[in-house]
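Chain residues, written in single-letter form:
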Amino acid sequence: MLHNILKYKFIFFMASFFSANAYASNLSTLTCQITMIADTEIIINQSKYDEDIKYDFQFEHKNQIISATVGVIRPEHNSLLLNKPAKETSRSDVMENAHIEYGIIWEEELFYDVRLIHAQNGSWNQNDTKLTFWTAEFPNVPNSQALVGFWSMATDEELFTITLLISPLTLNSEQYNLLPTAIAIDITKQIIGQCQIKSLT
């Protein structure tokens, strides 16, 4: 029940980050063939927005429910996560601002107590990336804690993203343990490892 509440809030806010509007000037998009994560067969729900596809899926792993969204954010989407393209600032600034804003959304829009537990820079397809995890919980509500993850890679025009919401299946306080961050990091790597950049020019 708790994860369902978190999931619907998560989906509502993720939907606000993507738009059905696309422009001819788009340079690239993200395509994925995600079939297996952590030895679990994955069923994908795809939503197509012109040349972009948003991928949503959910699966269980190690007594956790994991919900994920993979997509592309563009300046014309008017997203809180991408105020302006990297060509007007820098790719590192775009990613840094997106991760700050994502944490703020959970704290100020979803009313969670949020604590940063992991942040790392990396690379994928010869591009810089950033991965962040927070714990998020309702104030004074036992067993409301979840693990929230955000991965991003910026091009000059787009922001490619993976969002994760991970919460335990068991609500018993003695068994309520969050997924270890190392496993969450590996799951993120498995997701992006099944995606590729597709040129639109």
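Remember, predicted model here, so these are calculated numbers, not experimental data.

### Brief notes about the confidence of the model for the chain
Right, on to step 1. The pLDDT averaged across the chain works out to 87; a share of 85% of its residues lies at or above 70.
Right, on to step 2. Low pLDDT, under 50, characterises residues 18–26; the predicted model gives this stretch 23 contacts beyond four residues in sequence or across chains.

### Description of the nonpolar core
Right, on to step 1. The biggest cluster of nonpolar side chains holds 31 residues, and the ones touching the most others in it are Ile34, Val70 and Ile191.
Right, on to step 2. Counting only elements with at least two residues in this core, the list comes to β1 (28–32), β5 (52–61), β6 (64–73), β8 (127–137), β9 (146–154), β10 (159–168) and α3 (181–192).
Right, on to step 3. Residues contacting Ile191, with those up to four places away along its chain left out, are Ile34, Ile37, Phe57, Ala68, Val70, Ile162 and Leu164.
Right, on to step 4. One finds Ala86, Val94, Leu110 and Trp134 within the second-largest nonpolar core, a separate group that totals 21 residues.

### Section: the environment of Thr40
Right, on to step 1. Mapped onto the elements, Thr40 comes out in strand β3 (residues 40–41).
Right, on to step 2. With sequence-adjacent residues up to four places away left out, Thr40 is seen in contact with Thr35, Phe59 and Glu60.

### Focus: the packing of aromatic side chains
Right, on to step 1. Summed over all chains, the structure comprises six aromatic pairs.
Right, on to step 2. Here the aromatic rings of Trp106 and Tyr112 are separated by 5.4 Å at their centres, their planes lie at 70°, and the arrangement is edge-to-face. Across the pair, Tyr112 and Trp106 agree in class, each one buried.
Right, on to step 3. Relative to Phe138, the ring of Tyr112 lies with its centre 4.3 Å away and its plane at 25°, an arrangement referred to as stacked. Of this pair, Tyr112 sits in the loop between α2 (91–109) and β7 (113–124) while Phe138 sits in the loop between β8 and β9, and the two are 26 residues apart along the sequence.
Right, on to step 4. The class for Tyr112 is buried, based on a relative accessible area of 1%.

### Considering a negative patch on the surface
Right, on to step 1. Where like charges cluster on the molecular surface, the negative patch consists of Glu107, Glu108, Glu109 and Asp113.
Right, on to step 2. Structurally, Glu107 is set in helix α2.
Right, on to step 3. Residue classification places Glu107 among the partly exposed positions, given a relative accessible area of 43%.

### Thoughts on the sheet that holds β7
Whenever strands of a sheet pair, they do so through backbone hydrogen bonds, lying parallel or antiparallel.
Right, on to step 1. Pairing in this open sheet of seven strands is antiparallel, and the strands run β4-β5-β6-β10-β9-β8-β7 from one edge to the other. For this open sheet the edge positions go to β4 (45–49) and β7, each flanked by a neighbour on one side alone. Mean inter-strand twist for the sheet, computed between neighbouring axes without regard to direction, equals 15°.
Right, on to step 2. Of the strand pairs in this sheet, β6 and β10 are connected by 10 bridges, and their pairing is antiparallel. Following the sheet pairing, Gly71 is matched in β10 by Thr161.
Right, on to step 3. Sheet contacts for α3: β5, β6, β7, β8, β9 and β10; angle to β10, the most-contacted strand, approximately 140°.

Reading the values: rules and limits
- Residues numbered from 1 in each chain as written.
- Predicted model: local features only at pLDDT ≥ 70, side-chain atom pairs only at ≥ 80, totals over all residues.
- Heavy atoms only, no water.
- pLDDT = per-residue confidence, 0-100.
- Contact = heavy atoms within 4.5 Å.
- Core = buried A, V, L, I, M, F, W, Y, C linked by side-chain atoms within 4.5 Å.
- Buried < 20%, exposed > 50% of the residue type's maximum accessible area, 1.4 Å probe, protein only.
- Helix = DSSP H or I, 4+ residues; strand = E, 2+ residues; numbered from the N terminus.
- Phe/Tyr/Trp six-rings, centres within 6.5 Å; stacked < 30°, edge-to-face > 60°.
- Patch = residues over 30% accessible without salt bridge, like charges linked within 9 Å, V, L, I, M, F, W, Y side chains within 5 Å.
- Areas by Shrake-Rupley, 256 points an atom, 1.4 Å probe, with all protein chains shown as cover.
- Salt bridge = Lys/Arg side-chain N within 4 Å of Asp/Glu carboxyl O.
- Lys, Arg positive; Asp, Glu negative; His and termini not counted.
- Charge placed at Lys NZ, Arg CZ, Asp CG, Glu CD.
- Pairing = 2+ DSSP bridges.
- Axes fitted to C-alpha atoms, helices over the stretch in contact; angles between N-to-C directions.

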